[in-house]
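Analysis of the macromolecular model
Spelled out from the first residue to the last, the chains are:
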Amino acid sequence: MSETSPQQGAESICPPVDLSGDAGWVPFDAPSLVGESLRFVSGEPDGNRFRVRYYRDSEQHLHARIWFGPETEGPPGHAHGGAVSAVMDEALGLAAWAAGYPIVVGNLNISFRTMLPLQKVVTVESRVVSAQGRKVMVHGRLFCGDAVYAEGECLCITLPGR
Ligand SMILES: CCCCCCCCCCCC(=O)SCCNC(=O)CCNC(=O)[C@H](O)C(C)(C)COP(=O)(O)OP(=O)(O)OC[C@H]1O[C@@H](n2cnc3c(N)ncnc32)[C@H](O)[C@@H]1OP(=O)(O)O
């Protein structure tokens, strides 16, 4: 059996992408708020899966600028629905944390509106729309320009004692 070089089959790293925010957005340091555990979406900022940066606008709403790399593929050339859902889970849950609610996500409802081409930079915008008892509802959408790729409704449940 011939030896396999470590390079064989390895996918090359995609070039840098521009994840800068809109005018007036301020970078948001998620790990300083929730710790370093958000590795699934945010863990490889220079890798080929997701690259994401979080910002808050002047009204303190959370925005994610995110690139879907080749490793998020589902349908040929397009992002997997689970990849889109993972991003919405993290971004909308984080929006609740950023608004002062220590939560986990109890229910996440995603509508996939348009197939998302790979290697595209998109934005997730979010709004905390209600907070009653332990239930915090966050709405969001993943879009680029006029194209809306997904919309989400995220029921977050606050964690007692945090
Ligand atoms: C730690 C650092 C993290 C730091 C991480 C921060 C990053 C956030 C971004 C990542 C987000 C995630 O992926 S989080 C990971 C994915 N999520 C999870 O694994 C959560 C798994 N589920 C759970 O742990 C649990 O079910 C909880 C905590 C959500 C709720 O359990 P509980 O604490 O026993 O509370 P429970 O009494 O059941 O529910 C409280 C109230 O919420 C309602 N409720 C609960 N779940 C639902 C639901 N799915 N749909 C409708 N309503 C619900 C109940 O009816 C009740 O209403 P009422 O009777 O009061 O009216």
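Residues numbered from 1 in each chain as written. Predicted model: local features only at pLDDT ≥ 70, side-chain atom pairs only at ≥ 80, totals over all residues. Heavy atoms only, no water.

Operational definition: UniProt positions are given in the numbering used here, feature names are shortened, and annotations may be inferred rather than shown by experiment.
Named according to an unreviewed UniProt entry, the protein is Acyl-coenzyme A thioesterase THEM4 originating from Geobacter sulfurreducens. Its UniProt record gives the protein the following Sequence similarities (unreviewed entry) comment, quoted word for word: "Belongs to the THEM4/THEM5 thioesterase family."

Regarding the packing of aromatic side chains
Here is the rule we go by: Under the pairing criterion, centres of Phe, Tyr and Trp rings, with the six-membered ring standing for Trp, must be within 6.5 Å; the plane angle then separates stacked pairs below 30 degrees from edge-to-face pairs above 60, leaving the rest tilted. Segments assigned H or I by DSSP are reported as helices when at least four residues long, segments assigned E as strands when at least two residues long, and all are numbered from the N terminus. Three labels apply to residues, based on accessible area from a 1.4 Å probe with only protein chains included: buried if under 20% of the type maximum, exposed if over 50%, partly exposed otherwise in between.
This structure, assessed with the given rule, holds two aromatic pairs. Ring plane angle 40° and centroid distance 5.6 Å describe the contact between W25 and Y55, whose orientation is recorded as tilted. Placement of the pair is W25 in the segment before β1 (26-27) and Y55 in strand β2 (residues 50-56), with a sequence separation of 30 residues. Relative accessible area serves as the criterion here: at 15%, W25 is assigned to the buried category. With a relative accessible area of 5%, Y55 lands in the buried category.

Quick notes on the site of the ligand
This is how it is decided: Any residue with a non-hydrogen atom lying within 4 Å of a molecule or strand is treated as near it. In protein, a polar contact requires one atom able to donate a hydrogen and another able to accept it; more generally it is a pair of N or O atoms within 3.5 Å, and residues adjacent in sequence count only if both atoms are side-chain atoms. With residues, only the protein chains shown are counted as cover, and all accessible areas are computed by Shrake-Rupley using a 1.4 Å probe.
Looking at the ligand, there are 16 residues lining it, with D89, V105, G106, R134 and K135 nearest. With respect to the ligand, the backbone of G106 contributes an N or O atom lying 3.0 Å from a nitrogen atom. At a separation of 2.7 Å, an oxygen atom of the ligand approaches a polar side-chain atom of R134. Across the complex, the protein chains shield 50% of the 1,300 Å² of accessible surface that the ligand would expose by itself. Among the elements of the structure, α3 (81-98), β4 (103-112) and β7 (147-158) are those that each provide at least two residues to the shell around the ligand.

Focus on the environment of G145
In this fold, G145 is placed in the loop between β6 (135-144) and β7. Given a relative accessible area of 54%, G145 falls into the exposed group. Residues G145 and T123 lie 22 residues apart in sequence; the distance between their C-alpha atoms is 9.0 Å.

Some thoughts on the nonpolar core
As a reminder, the rule being used: For the purposes of this section, nonpolar cores are sets of buried Ala, Val, Leu, Ile, Met, Phe, Trp, Tyr and Cys residues that join through side-chain atoms within 4.5 Å. Residue contacts are defined here by distance: any two heavy atoms, one from each residue, within 4.5 Å place the two residues in contact.
Membership of the largest hydrophobic core comes to 36 residues, with the highest contact counts inside it found for Y54, I66, F68, V124 and L142. For this core, the secondary structure elements donating two or more residues are β2, β3 (62-68), α3, β4, β5 (120-132), β6 and β7. Looking at which element gives the most residues to this core, the answer is α3, with 12 residues. Leaving out residues up to four positions away in the same chain, Y54 has contacts with V26, P27, F28, A30, S42, L62, H63, A64, E90, A91 and L94.

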